[in-house]
Amino acid sequence: MRWRAVPISAWVGMAGLALAIFCALFAPWIAPFGEREVVGDIWLPMGGDYLLGTDNLGRDLLSRLIYGAQTTISVALAATVLAFCMGVFLSFTAAVVGGWTDQGLSRVNDLMMSIPTLIFALIVLAVLPQELWILVAVIAVLESTRVFRLGRAVALDITVMEFVEAARLRGEGRQWIIFREILPNALSPLLAEFGLRFAFAVLFLSTLSFLGLGIQPPEADWGGIVKDNKDGIIFGIPAALIPGAAIAGLAICVNLVVDWLLNRTSSLKGGRGDG
Amino acid sequence: MPLAALLIQRLALSVLLMLAVSVVIFLGIEALPGDFAQTYLGQSATPQAVANIRQELGLDQPAVTRYFGWLGGVVQGDFGNSWASGSSVSRQIGLRLGNTLFLAFWAALVSVPLAISLGMLAVHYRGRWPDRLINVVSLGAISLPEFFVGYILILFVAVQGNWVTFPSTVYDGMSFGQRLEAIVLPCATLVLVVLAHMMRMTRAAILNVMSSPYVETAELKGLDTLRIIARHAAPNAVAPIITVVALNLAYLVVGVVVVEVVFVYPGMGQYMVDAVTVRDLPVVQACGLIFAAVYILLNMSADILAILANPRLRHPR
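As the structure is a prediction and not an experimental result, all values here were calculated from the model.

1. What about the overall build of chain B?
Each helix and strand counted, chain B has 13 helices and 0 strands in total. In sequence order, chain B lays out its α and β elements as α-α-α-α-α-α-α-α-α-α-α-α-α. Looking at the 317 residues of chain B, the share that counts as buried comes to 46%. Here the contacts in chain B between residues at least 6 apart in sequence split such that 73% fall between residues at least 24 apart. In the form shown here, chain B has an accessible surface area of approximately 15800 Å², with 65% of it arising from carbon and sulfur atoms.

2. Let's talk about the overall build of chain A
Counting secondary structure elements, chain A contains 10 helices and 0 strands. Sequence-ordered secondary structure for chain A, helices as α and strands as β, is α-α-α-α-α-α-α-α-α-α. If one aligns the C-alpha atoms of chain A with their principal axes, the spans along those axes are about 75 × 50 × 35 Å. Evaluated residue by residue, chain A yields a buried proportion of 51% over its 275 residues. Across chain A, contacts joining residues at least 24 apart in sequence account for 70% of those joining residues at least 6 apart. When the accessible surface of chain A is summed, it comes to about 12600 Å², and 66% of that surface belongs to carbon and sulfur atoms.

3. Points about the confidence of the model for chain A
Any segment with low pLDDT has predicted coordinates that should not be analysed in fine detail. Summarising the model, chain A shows a mean pLDDT of 86, and 95% of its residues fall at 70 or more. Per-residue pLDDT stays below 50 along residues 268–275 of chain A; that stretch engages in 9 contacts with residues further than four places along the chain or on separate chains.

4. What to know about the packing of helix 12 (residues 268–277) of chain B against helix 13 (residues 281–309) of chain B
All names here are of chain B. Closest axis-to-axis distance for the helix 12/helix 13 pair is 9 Å, and the angle between their directions is 145°. The way helix 12 lies across helix 13 gives a crossing that is left-handed. Residue-level contacts link Met 268, Gly 269, Tyr 271, Met 272, Ala 275 and Val 276 of helix 12 to Val 283, Val 284, Cys 287, Gly 288, Ile 290 and Phe 291 of helix 13. Per-class residue counts for the contact of helix 12 with helix 13 are 10 nonpolar, 2 polar and no charged.

5. Considering the packing of aromatic side chains
Taken as a whole and assessed by the stated rule, the structure comprises 14 aromatic pairs over all chains. Geometrically, the ring pair formed by Phe 210 of chain A and Tyr 151 of chain B is edge-to-face, given 6.0 Å between the ring centres and 75° between the ring planes. Taken together, the residues Phe 210 of chain A in helix 8 (residues 174–210) and Tyr 151 of chain B in helix 7 (residues 146–160) connect one chain to another. Residue Phe 210 of chain A shares its accessibility class with Tyr 151 of chain B, and that shared class is buried. In this structure an aromatic cluster arises from ring pairing among Phe 26, Tyr 67, Phe 68 and Trp 70 of chain B. Sitting above the plane of the Trp 176 of chain A ring, Arg 180 of chain A keeps its charged end 4.7 Å from the centroid.

6. Structural notes on the interface of chain B and chain A
Each side of the interface is counted separately: chain B has 46 residues, and chain A has 43 residues. Carbon and sulfur atoms supply 79% of the area buried between chain B and chain A, which totals about 3900 Å² over both sides. Counting the surface chain B buries against chain A, the share from its top three residues, Phe 147, Tyr 151 and Arg 279 of chain B, is 17%. There are 0 salt bridges connecting chain B and chain A. In this assembly, chain B and chain A are joined by 4 residue pairs in polar contact (both at pLDDT 80 or more). Among the elements that line the side of chain B that touches chain A, the one with the most residues is helix 7 of chain B, at 8 residues. Each residue belonging to the side of chain B that touches chain A can be placed in one class, and the counts come to 35 nonpolar, 6 polar and 5 charged.

7. Focus: the pattern of salt bridges
A side chain of one charge can pair with a side chain of the opposite charge when the charged atoms of the two come close. Residue and element names in this part refer to chain A. Across all of its chains, the model carries 10 salt bridges over all chains by this definition. Glu 172 serves as the salt-bridge partner of Arg 170, at 3.0 Å between the closest nitrogen and oxygen. Where salt bridges share partners, they join Arg 59, Arg 64 and Asp 228 into one cluster.

8. Considerations on a nonpolar patch on the surface
Residue and element names in this part refer to chain A. Residues Ile 21, Phe 22, Leu 25, Phe 26, Trp 29 and Ile 30 make up a contiguous nonpolar surface patch of about 640 Å² in total accessible area. Taken together, the elements giving at least two residues each to the nonpolar patch come down to helix 1 (8–25) and helix 2 (27–30). With 3 residues, helix 1 is the single largest residue contributor to the nonpolar patch. When you line up the elements, Ile 30 lands in helix 2.

9. Observations regarding the nonpolar core
With 150 residues, the main nonpolar core has Leu 118, Leu 122 and Phe 210 of chain A together with Tyr 151 and Met 272 of chain B as its most contacted residues. Looking at this core element by element, the count peaks at 17 residues for helix 11 (residues 225–263) of chain B. Sequence-distant contacts of Tyr 151 of chain B, that is, excluding residues within four places in its chain, are made with Phe 210, Val 226, Lys 230, Ile 233 and Leu 241 of chain A together with Val 262 of chain B. Within the second largest apolar cluster, 16 residues are counted, among which are Val 154, Ala 155, Ile 177 and Ile 182 of chain A.

10. Describing the confidence of the model for chain B
Residue and element names in this part refer to chain B. On average, residues of chain B score 83 in pLDDT, and 94% of them reach the 70 mark or higher. Across chain B, the element-wise mean pLDDT spans from 66 in helix 2 (residues 36–41) up to 90 in helix 12. Scored as a complex, the prediction yields pTM 0.87 and ipTM 0.84.

11. Focus: the environment of Gln 48 of chain B
Within the secondary structure, Gln 48 of chain B is located in helix 3 (residues 47–56). Along the primary structure Gln 48 of chain B and Val 89 of chain B are separated by 41 residues, whereas in three dimensions their C-alpha atoms are 28 Å apart.

12. Considerations on the environment of Ser 211 of chain B
Residue and element names in this part refer to chain B. Relative to the elements of secondary structure, Ser 211 occurs in the loop between helix 9 (184–210) and helix 10 (213–221). Taking the C-alpha atoms as reference points, Ser 211 and Ala 233, 22 residues apart in sequence, are found 9.6 Å from one another. There is a polar contact of 3.0 Å between the side chain of Ser 211 and the backbone oxygen of Asn 208.

13. Re the side chain of Asn 229 of chain A
All names here are of chain A. Counting through the fold element by element, Asn 229 comes out in helix 9 (residues 222–229). On the accessibility criterion, Asn 229 (0% relative accessible area) is buried. For Asn 229, the residues in contact, after removing those within four places along its chain, are Trp 43, Asp 55, Asn 56, Leu 61, Ala 239 and Ala 240.

The rules behind these values
Residues numbered from 1 in each chain as written. Chains lettered and ligands numbered in written order. Predicted model: local features only at pLDDT ≥ 70, side-chain atom pairs only at ≥ 80, totals over all residues. Heavy atoms only, no water. Helix = DSSP H or I, 4+ residues; strand = E, 2+ residues; numbered from the N terminus. Buried < 20%, exposed > 50% of the residue type's maximum accessible area, 1.4 Å probe, protein only. Contact = heavy atoms within 4.5 Å. Areas by Shrake-Rupley, 256 points an atom, 1.4 Å probe, with all protein chains shown as cover. pLDDT = per-residue confidence, 0-100. Axes fitted to C-alpha atoms, helices over the stretch in contact; angles between N-to-C directions. Left-handed = near helix turned anticlockwise from the far one by under 90°. Nonpolar A, V, L, I, M, F, W, Y, C, P; charged D, E, K, R; others polar. Phe/Tyr/Trp six-rings, centres within 6.5 Å; stacked < 30°, edge-to-face > 60°. Lys NZ or Arg CZ within 6 Å of the ring centre and 35° of its normal. Buried area = accessible area lost by both parts, 1.4 Å probe. Salt bridge = Lys/Arg side-chain N within 4 Å of Asp/Glu carboxyl O. Polar contact = N/O pair within 3.5 Å; in protein donor to acceptor, adjacent residues only side chain to side chain. Patch = residues over 30% accessible without salt bridge, like charges linked within 9 Å, V, L, I, M, F, W, Y side chains within 5 Å. Core = buried A, V, L, I, M, F, W, Y, C linked by side-chain atoms within 4.5 Å.

If you want it as structure tokens, here you go:
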């Protein structure tokens, strides 16, 4: 791969992602104040000791934002990874086995997808206790339905190839066919999908937290910080916009990188980049 | 298969899907752990008090009996009573559904023509700066969460500009004009949120058609652009564009939930979120079912309109 061929937009995206991941990894060392430390008056303006001002309880907004990066990114990443493990495994199994297994899995998936994601999450979260792992699981299950649809379509195209037939005739088991024959050939569309799903998970988690159903206070996460500070908007205090911009920025960066990846893979196959 | 049979089949499938969804929403919820009575009474609840509440709400009966009781009511437009307030869910929904549809209707009315014309503009200037500008801006806009767009509008238009009022409350006795004025900001937020997506999909759908062999033939034949678009490209692009529009209208229904909370707009979304926080299941189930029904209905209309617009779909391979 030539580095000069990478467009500027992809570099911007990767730089943004690197910054966010750096903040998430080293939050305790870079954050000027503690996550829950009350340092001053409420809603102090930007500048001075508090670069981004303080929040609705007088906590340093920059510190909360940095700690929030940790929570938001790790929860979204965990949910996306889990969604991919489930979605890829089930969709490949459906494509390889076919018949009733495929029918059953696909119809259940159709049913899950016929209820809008947010509505489904709201219904489920109305019953389940508010715990972190449950939140991750709910987001993962909902995301895996989208992964399943793509994974099945991709795998169906590959299962009819000669090398898969050859492997079958060789007497390889199902696990081998899924992980050694199909998975390596499906990686590039799945990688792009992983990026998109991650961006979606960040937005989804933030939306849930904003509605008060995601990460529970006093833990900081970007959607939650928006919720904490939304009442300031009426008084013209922009504190709620900063975490909102962080969410948007992260999602835009992921999209820029994915856009480049998609263009790159489609041009490798000789297809039109913009089709 | 004749057209009528195909349409009836789609309808029947949707009805079946609705039934399956109602089972998921009712029985699926029952299978999950968690108990309203326990949550409602808190840590110090005595077993007797919990049992009393359960009996009062009918929770001591078997789930299947309650499901059919619930479904029977739903078919007659009765969603039961709210656990939290004890009032009729259907009444509340009757008041709020209209508000939500009013908001979604105006958002759709603005966004659909705008998205399609922008998409066509992008195709017309394919590869040149208007296309690139539209591409970059829309890629950014897709990534914006609804609440971010909403609060930016509130801060700059309502608070600093003071051009419209916030929150966007509507109530009985408001005139049509007043109502429209109240929903300007939530409507603008929804439009911004769905516009980018709808436009990108429209652009892709038209580009797909424009790169097909018959359009190339028409070009080589020497027809002028307008004629190619009107006679050859447009009829074939109608089906994908209809799908795009219906899918995004379905998305609008979901976007409404967050936007209503941001703008404190008295609609279904606000009602549902409030109910979820206090675990008021009858309300959550009713709202969930209605949102899912609208979503399924829109997807079904997309299917049917696509079949009507494209005869090739009537003969599945």
